[in-house]
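# Breakdown of the fold
Here is what each chain is made of, one letter per residue.
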Amino acid sequence: MSKKTKTQGSQQPGSPVDEIFWTKPEMARTVRRSQRTIEIWMRDGRIPFIRIGPRTVLFEKVAILESLKKFQINAKP
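Below is a summary of the structure that appears in this document. (Residues numbered from 1 in each chain as written. Predicted model: local features only at pLDDT ≥ 70, side-chain atom pairs only at ≥ 80, totals over all residues. Heavy atoms only, no water.)

Here we take up the nonpolar core. Trp-22, Met-27, Ala-28, Val-31, Ile-38, Trp-41, Met-42, Ile-47, Val-57, Phe-59 and Ile-64 together form the largest nonpolar core, which totals eleven residues. The set of elements that each furnish at least two residues to this core consists of helix H2 (24–31), helix H3 (35–44) and strand E3 (57–60). (Core = buried A, V, L, I, M, F, W, Y, C linked by side-chain atoms within 4.5 Å. Buried < 20%, exposed > 50% of the residue type's maximum accessible area, 1.4 Å probe, protein only. Helix = DSSP H or I, 4+ residues; strand = E, 2+ residues; numbered from the N terminus.)

Take a look at the structure:
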């Protein structure tokens, strides 16, 4: 009997889902913040997320980038 790996039963890397969504660790790595900071942003409503289960959260890439633009500060000409 073989042990189940983490990727069995879920989407494989390179799938269309990977092109649309980030996991919490991927999100943290992408925006160069800790997973704890991402959790705080989630709690405060700063970023949209999809909760699939009690411990599974996904972030839609396009929605996150649009959401973070609200905090962008542009230089004055």
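Moving on: the pattern of salt bridges. Scanning the entire structure with this criterion turns up four salt bridges. With a closest N to O distance of 3.0 Å, Lys-24 and Glu-39 form a salt bridge. Here Lys-24, found in helix H2, pairs with Glu-39, found in helix H3; they are 15 residues apart in sequence, far enough to count as distant. Exposure remark for Lys-24: the relative accessible area of 19% places this residue in the buried category. The salt bridge partner of Asp-44 is Arg-43, with a shortest N-O separation of 3.2 Å. (Salt bridge = Lys/Arg side-chain N within 4 Å of Asp/Glu carboxyl O.)

Looking now at the packing of H2 against H3. With their axes 9 Å apart at the nearest point, H2 and H3 run at an angle of 100 degrees to one another. Here H3 runs roughly perpendicular to H2, going by the angle between their axes. Contacts from Lys-24, Pro-25, Met-27, Ala-28 and Val-31 in H2 reach Gln-35, Ile-38, Glu-39, Trp-41 and Met-42 in H3. Of the residues that constitute the contact of H2 with H3, the class distribution is seven nonpolar, one polar and two charged. (Axes fitted to C-alpha atoms, helices over the stretch in contact; angles between N-to-C directions. Parallel < 35°, antiparallel > 145°, perpendicular 65-115°, else oblique. Contact = heavy atoms within 4.5 Å. Nonpolar A, V, L, I, M, F, W, Y, C, P; charged D, E, K, R; others polar.)

What follows concerns the pairing of E3. One ladder, built from three bridges, connects strand E1 (residues 21–23) with E3; its direction is antiparallel. The residue bridging Phe-21 from the neighbouring strand is Glu-60, located in E3. Bridge analysis of strand E2 (residues 50–51) against E3 gives two bridges, and the strand direction is antiparallel. When the bridges of E3 are listed, Arg-51 appears paired with Val-57. With antiparallel pairing between neighbouring strands as the criterion, E2 and E3 make up a hairpin whose turn holds five residues. (Pairing = 2+ DSSP bridges.)

The next thing to look at is the side chain of Ser-67. Note on placement: Ser-67 falls in helix H4 (residues 61–69). Filtering out sequence-adjacent residues up to four positions away, Ser-67 remains in contact with Arg-46, Ile-47 and Pro-48.

Of note, Arg-32 is a non-glycine position whose phi angle comes to about 55 degrees, a positive value. Among the structural elements, Arg-32 can be located in the loop between H2 and H3.

Let's shift gears to the sheet that holds E1. Strand-to-strand pairing in sheets goes through backbone hydrogen bonds, with the strands running parallel or antiparallel. Strand order across the open sheet formed by three strands is E1-E3-E2, with antiparallel pairing between neighbours. Looking at strand neighbours, the two that pair on one side only are E1 and E2, the edges of this open sheet. Most of the contacts of H4 go to E3, to which it runs at about 70 degrees, and overall it touches E1 and E3.

Geometry only, nothing functional implied.
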